[in-house]
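Per-entry structural report
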Amino acid sequence: MLATGAVLLGGLNFTMEKTNTLEFCTSCHEMSAFVYPEYKQSAHFSNQSGVRAVCADCHVPKDWWGKVVRKTEATFNEIPSWITGKIDSPEKFEAHRREMAESVWAKMRASNSATCRSCHSYDAMALSMQDRYAKRRHSQEYREATDKTCIDCHQGVAHNLPEVAAE
């Protein structure tokens, strides 16, 4: 019984790690055709430091239970959308871009942008190299006073922003 549990847990963990790869994330038509080209133009794909953030770095929590929850959400929310063709054309994708982006932004706000901060550290920021505006917004005083998190200012860093809704 213990061996069976270990094998099942190992298999689950292996599967979660395989589904966190860039190759897996970009294997479906919608991601390879619409999202991947945007990401390839971003600093998360190519930058001076040579550090590349892949999809899971931003969209999947690092902790094991967080991964399980995120993968479960994908199974019951995103996969059915893919199967039904909800976003299988550029027009359909754009029609749902705002809804998808706002869902991701809400999750990031709820976690205090934990996935951003798993790579980016306020303590490691060279504030002296930032302009006055960025330096102020990255200060602890500003963050505490406004309760803002990374995603509040850094939307569109890896994907095109949705069009502003007509009033």
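Here is a short report on the structure shown in this document. (Residues numbered from 1 in each chain as written. Predicted model: local features only at pLDDT ≥ 70, side-chain atom pairs only at ≥ 80, totals over all residues. Heavy atoms only, no water.)

For the protein chain, the count of helices and strands is 10 helices and 0 strands. Ordered by position in the sequence, the α and β elements of the protein chain form the string α-α-α-α-α-α-α-α-α-α. For the protein chain, the spread of C-alpha atoms along the principal axes amounts to about 55 × 45 × 30 Å. A buried classification covers 27% of the 167 residues belonging to the protein chain. Within the protein chain, counting contacts between residues at least 6 apart in sequence, those at least 24 apart form 59% of the total. With an accessible surface of roughly 11,600 Å², the protein chain has 60% of that area assigned to carbon and sulfur atoms. Considering the protein chain, the positive charge centre built from 20 side chains and the negative charge centre built from 21 side chains are found 4 Å apart. (Helix = DSSP H or I, 4+ residues; strand = E, 2+ residues; numbered from the N terminus. Buried < 20%, exposed > 50% of the residue type's maximum accessible area, 1.4 Å probe, protein only. Contact = heavy atoms within 4.5 Å. Areas by Shrake-Rupley, 256 points an atom, 1.4 Å probe, with all protein chains shown as cover. Lys, Arg positive; Asp, Glu negative; His and termini not counted. Charge placed at Lys NZ, Arg CZ, Asp CG, Glu CD.)

Relative to the elements of secondary structure, Asn20 occurs in the loop between helix H1 (2–18) and helix H2 (22–25). A polar contact of 2.7 Å, which involves the side chain of Asn20, links it to the side chain of Lys71. (Polar contact = N/O pair within 3.5 Å; in protein donor to acceptor, adjacent residues only side chain to side chain.)

This part covers the packing of H1 against helix H5 (residues 64–84). Viewed as axis vectors pointing N to C, H1 and H5 meet at an angle of 70°, and their least axial separation amounts to 11 Å. Between H1 and H5, the angle is such that the two are roughly perpendicular. Counting all contacts with H1, which are made through Leu9, Leu12, Asn13, Met16 and Glu17, the residues of H5 involved are Trp64, Lys67, Val68 and Lys71. A breakdown of the residues in the contact of H1 with H5 according to their chemical character gives 5 nonpolar, 1 polar and 3 charged. (Axes fitted to C-alpha atoms, helices over the stretch in contact; angles between N-to-C directions. Parallel < 35°, antiparallel > 145°, perpendicular 65-115°, else oblique. Nonpolar A, V, L, I, M, F, W, Y, C, P; charged D, E, K, R; others polar.)

This next bit is on the pattern of salt bridges. When the charged atoms of two side chains lie near each other, side chains of opposite charge can form a pair. A full pass over the atoms with the stated rule returns 11 salt bridges. Among the salt bridges present, the one from Glu17 reaches Lys67, with a minimum N-O distance of 2.6 Å. Residue Glu17 is located in helix H1, and its partner Lys67 is located in helix H5; the two are separated by 50 residues in the primary sequence. Residue Glu17 is classed as partly exposed on the basis of its relative accessible area of 35%. Here Lys67 falls in the buried class, since its relative accessible area comes to 12%. (Salt bridge = Lys/Arg side-chain N within 4 Å of Asp/Glu carboxyl O.)

With that out of the way, let us pick up the packing of aromatic side chains. Geometrically, a pair of aromatic rings is defined through the distance of the ring centres and the angle of the planes. Taken as a whole and judged by the stated rule, the model has 5 aromatic pairs. Between the aromatic rings of Tyr36 and Phe45, the centroid separation amounts to 6.4 Å while the plane-to-plane angle is 85°, which identifies the pairing as edge-to-face. For Tyr36, a relative accessible area of 23% puts it in the partly exposed group. Ring centres of Tyr39 and Phe45 lie 5.2 Å apart, and the angle between their planes is 80°; on these two criteria the pair is classed as edge-to-face. For the residue pair Tyr39 and Phe45, the accessibility class agrees, reading buried in each case. (Phe/Tyr/Trp six-rings, centres within 6.5 Å; stacked < 30°, edge-to-face > 60°.)

Another point: helix H6 (residues 90–110). Compared with the 30 Å implied by 1.5 Å per residue over 21 residues, the 29 Å span of H6 between its first and last C-alpha is a close match. When the local axis directions of H6 are compared, the greatest deviation, roughly 45°, occurs at His96. Every buried residue of H6 is listed here: Phe93, Arg97, Ala101, Trp105 and Met108. The elements touched by buried residues of H6 are helix H3 (29–40), helix H4 (55–59), helix H7 (114–117) and helix H10 (150–153). Looking at the residues trailing H6, positive phi occurs at Asn112, about 55°. (Expected span 1.5 Å × (residues − 1). Bend = angle between axes of the 7 residues up to and from the residue.)

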